[in-house]
Amino acid sequence: MATPKNYFRNPQPFRVPTTDGKLIEEHLGLASTGTAAYSLAHMVAPPQWSEPHQRPEFDEITIVVRGRKRFEIDGDVVELQAGESLLIRAGARVRYSNPFDAECEYWSVCVPAFSPATVHREE
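Looking at an unreviewed UniProt entry, the protein carries the name Cupin domain-containing protein, with the source organism given as Hymenobacter bucti.

Have a look at this one:
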């Protein structure tokens, strides 16, 4: 009987289907590995991309790798550049966008894991 490993290697992240041109690759989380405690995703938002406001039940950490990203958080506007990070706590009303002329590449960590059932996007 093989001894279980104390690590997990994901050779291929789960590519989330989108209709807005945004690339979402979940490396760890509910969709890719069944992990509920946290999720880790790599994303590339195209120029002029945005999504509706939401009020997630999870904390979300964003780390921008390339480009810029705009956040509207409870009425405040925050813009991150490459090398910067941001923690948005569960329950905040937030809207993510890339209103700029270049792609924005970033990583996102959600605790607990991202779930469509707990993101609460506005129509």
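S.K.: How should the environment of Glu72 be read in this particular structure?
M.R.: Topologically, Glu72 is positioned in strand E6 (residues 68-73). Judged by its relative accessible area of 22%, Glu72 is partly exposed. With 23 residues separating them in the primary sequence, Glu72 and Arg95 have C-alpha atoms 5.0 Å apart. Beyond its immediate chain neighbours, meaning those up to four positions away, Glu72 contacts His53, Val77, Arg93, Val94 and Arg95. Looking at Glu72, its side chain comes within polar contact range of the side chain of Arg95, at 2.9 Å.

S.K.: When you look at a nonpolar patch on the surface in this model, what are you seeing that I'm missing?
M.R.: Residues Ile61, Ile63 and Leu87 make up a contiguous nonpolar surface patch of about 220 Å² in total accessible area. Relative to the helices and strands, Ile63 is located in strand E5 (residues 59-66).

S.K.: Explain the pattern of salt bridges here, please?
M.R.: Note that side chains of opposite charge can pair when their charged atoms are close. Summed over the entire model, instances satisfying the criterion amount to 6 salt bridges. Between Arg121 and Glu51 there is a salt bridge, and its shortest N-O distance comes to 3.6 Å. You can see Arg121 sitting in the segment after helix H1 (116-119) and its partner Glu51 sitting in the loop between strand E4 (49-50) and E5, a full 70 residues away along the chain. A residue is classified by how much of its surface remains accessible, and Arg121, at 38% relative accessible area, is partly exposed. By relative accessible area, which is 11% here, Glu51 ends up buried. Glu122 is paired through a salt bridge with Arg93; the nearest N and O atoms lie 2.7 Å apart. Of the two residues, Glu122 sits in the segment after H1 while Arg93 sits in the loop between strand E8 (85-88) and strand E9 (94-98), which places them 29 residues apart along the sequence.

S.K.: Help me understand the packing of aromatic side chains, please; the structure alone is not making it clear to me.
M.R.: The description of two aromatic rings rests on the distance between their centres and on the angle between their planes. Enumeration according to the criterion identifies 2 aromatic pairs in this entry. Relative to Tyr96, the ring of Phe71 lies with its centre 5.6 Å away and its plane at 80°, an arrangement referred to as edge-to-face. Taken together, the residues span a long stretch of sequence, with Phe71 in strand E6 and Tyr96 in strand E9 at a distance of 25 residues. The two residues Phe71 and Tyr96 agree in class, both being buried. Directly above the aromatic system of Phe100 lies the positively charged group of Arg68, at a separation of 3.7 Å from the ring centroid.

S.K.: Before we go on, may I ask you to explain the pairing of E5 in this structure?
M.R.: Successive residues of a regular strand alternate their side chains across the two faces of the sheet. The pairing of E5 with strand E10 (residues 104-111) spans 7 bridges and is antiparallel. Bridge pairing in E10 places Glu60 opposite Cys110. One ladder, built from 4 bridges, connects E5 with E8; its direction is antiparallel. Counterpart to Ile63 in the pairing with E8 is Ser85.

S.K.: Where do I start with the environment of Ile63 in this structure?
M.R.: In this structure Ile63 comes out as partly exposed when scored by relative accessible area, which is 38%. Residues Ile63 and Val109 lie 46 residues apart in sequence; the distance between their C-alpha atoms is 8.7 Å.

Cut-off values and rules
Residues numbered from 1 in each chain as written. Predicted model: local features only at pLDDT ≥ 70, side-chain atom pairs only at ≥ 80, totals over all residues. Heavy atoms only, no water. Helix = DSSP H or I, 4+ residues; strand = E, 2+ residues; numbered from the N terminus. Buried < 20%, exposed > 50% of the residue type's maximum accessible area, 1.4 Å probe, protein only. Contact = heavy atoms within 4.5 Å. Polar contact = N/O pair within 3.5 Å; in protein donor to acceptor, adjacent residues only side chain to side chain. Patch = residues over 30% accessible without salt bridge, like charges linked within 9 Å, V, L, I, M, F, W, Y side chains within 5 Å. Areas by Shrake-Rupley, 256 points an atom, 1.4 Å probe, with all protein chains shown as cover. Salt bridge = Lys/Arg side-chain N within 4 Å of Asp/Glu carboxyl O. Phe/Tyr/Trp six-rings, centres within 6.5 Å; stacked < 30°, edge-to-face > 60°. Lys NZ or Arg CZ within 6 Å of the ring centre and 35° of its normal. Pairing = 2+ DSSP bridges.

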